[in-house]
Amino acid sequence: MMEQQKGEREKLSPSRKRAKTEEESKQAVPAAAEAKSVYLFACHLYGPNAHVLYVVDPPPLPDPSTFLADDSQMEITPPEPVERPLDPLVEFPRAEYPMEMCAVEFDSKLYILGGEFDGPSLGGPPRFPDDDFCPFPRDVHIFDPTCSSLKVGPKMNSGKFKPSAFVVDSMIYVVSGCLARPDDDSLVRFEVFKPDDDGTGGTWTRLEDPPFKRTLFTGHVVVDRQVFFSTLNGEFFSSSPYADRLFAGMHVQIEEAFQMQ
């Protein structure tokens with residue numbers, strides 16, 4: 001999820017709607033200071049879409065000037081909950097986009113990357129015997145919420161299987177999961193994106209592969225330039241981009257980590 005100032009928005013599909021022009025984008029920016037929104041990037045296991053980007057507009061917080069000066073207790077009647085269905089902001093059709101992409105916020109934009117195409121029988125893109133088809137696309141999609149535009153960014157060195165991405169020191173790191181399948185050997189499992197100074201592009205650089213196999217990441221958090229991963233196997237990894245060897249840090253079972261507290 002990403003919290004971002006709300007500008008002019010419209011529902012769009014990457015394959016069917018155009019991005020706004022530069023002039024339209026400039027007109028949309030002033031409205032962005034009015035409120036804030038939360039963006040939710042969801043994976044859909046069923047249906048025509050592999051992913052959908054939703055936007056949530058939370059209710060405004062109470063005006064601080066209405067609080068009592070002496071901080072004494074006052075009765076506040078909570079408002080009745082109101083169900084508000086989420087309308088898709090951007091749709092990623094299964095026939096055109098891979099499943100289980102990851103998303104990471106960087107420079108007030110959402111970078112969406114990685115994943116694996118479904119087979120044609122499951123709604124994925126068609127495949128032909130003479131095609132050099134790779135189920136793991138290298139594509140990077142960049143969503144700019146200030147103008148509701150989606151554009152293509154610099155491609156990775158290879159695709160990523162069920163990836164996890166994080167930001168450290170204004171650079172995007174992405175690591176691929178692994179099931180020790182034959183096609184895993186063709187993937188660059190860890191790389192970093194360094195943006196250009198003008199913000200219009202950048203370069204992906206391959207990093208040393210993590211020293212483990214058969215690993216699927218379930219979550220991560222960045223603390224003081226160090227990233228901590230949890231895995232489907234109940235393991236707990238840590239890594240720092242500034243260590244001599246990436247992913248050479250702590251590796252314990254999650255149960256052991258709790259016992260150490």
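The structure we're discussing is the one just above.
Given the structure is predicted, the values throughout are model-derived calculations rather than measurements.

A. Quick peek at unusual backbone geometry. At S148, a residue that is not glycine, the phi angle is positive and equals roughly 55 degrees. Classification of S148 by relative accessible area gives buried; the value is 1%. Here K162, not a glycine, exhibits a phi torsion of approximately 45 degrees, which is positive. With respect to the secondary-structure elements, K162 resides in the loop between β8 (149-152) and β9 (164-168).

B. Expanded view of the pairing of β9. For β9, the tally of buried residues reaches 4 of 5 residues, placing the bulk of the element in the interior. Relative to strand β10 (residues 171-175), β9 runs antiparallel, the two sharing 5 bridges. Bridge pairing links F166 to Y173 in β10. Hairpin remark: β9 followed by β10, antiparallel, with 2 residues in the connecting loop; positive phi at D169, about 50 degrees.

C. Structural detail: the packing of aromatic side chains. In this structure the tally under the stated criterion is 11 aromatic pairs. Pairing F166 with F229 gives two aromatic rings, centres 5.9 Å apart and planes at 70 degrees, and the pair type is edge-to-face. Of this pair, F166 sits in strand β9 while F229 sits in strand β14 (residues 226-231), placing them 63 residues apart in sequence. Judged by relative accessible area, F166 falls into the buried class, the value being 2%. For F229, a relative accessible area of 0% translates into the label buried. Considering the side-chain rings of F217 and F229, the 4.8 Å spacing of their centres and the 45 degrees angle between planes classify their relative orientation as tilted. On the criterion of sequence distance, the pair formed by F217 in strand β13 (residues 217-223) and F229 in strand β14 is long-range, its members being 12 residues apart. Assessed through its relative accessible area of 14%, F217 is described here as buried.

Scoring rules and cut-offs
- Residues numbered from 1 in each chain as written.
- Predicted model: local features only at pLDDT ≥ 70, side-chain atom pairs only at ≥ 80, totals over all residues.
- Heavy atoms only, no water.
- Buried < 20%, exposed > 50% of the residue type's maximum accessible area, 1.4 Å probe, protein only.
- Helix = DSSP H or I, 4+ residues; strand = E, 2+ residues; numbered from the N terminus.
- Pairing = 2+ DSSP bridges.
- Phe/Tyr/Trp six-rings, centres within 6.5 Å; stacked < 30°, edge-to-face > 60°.

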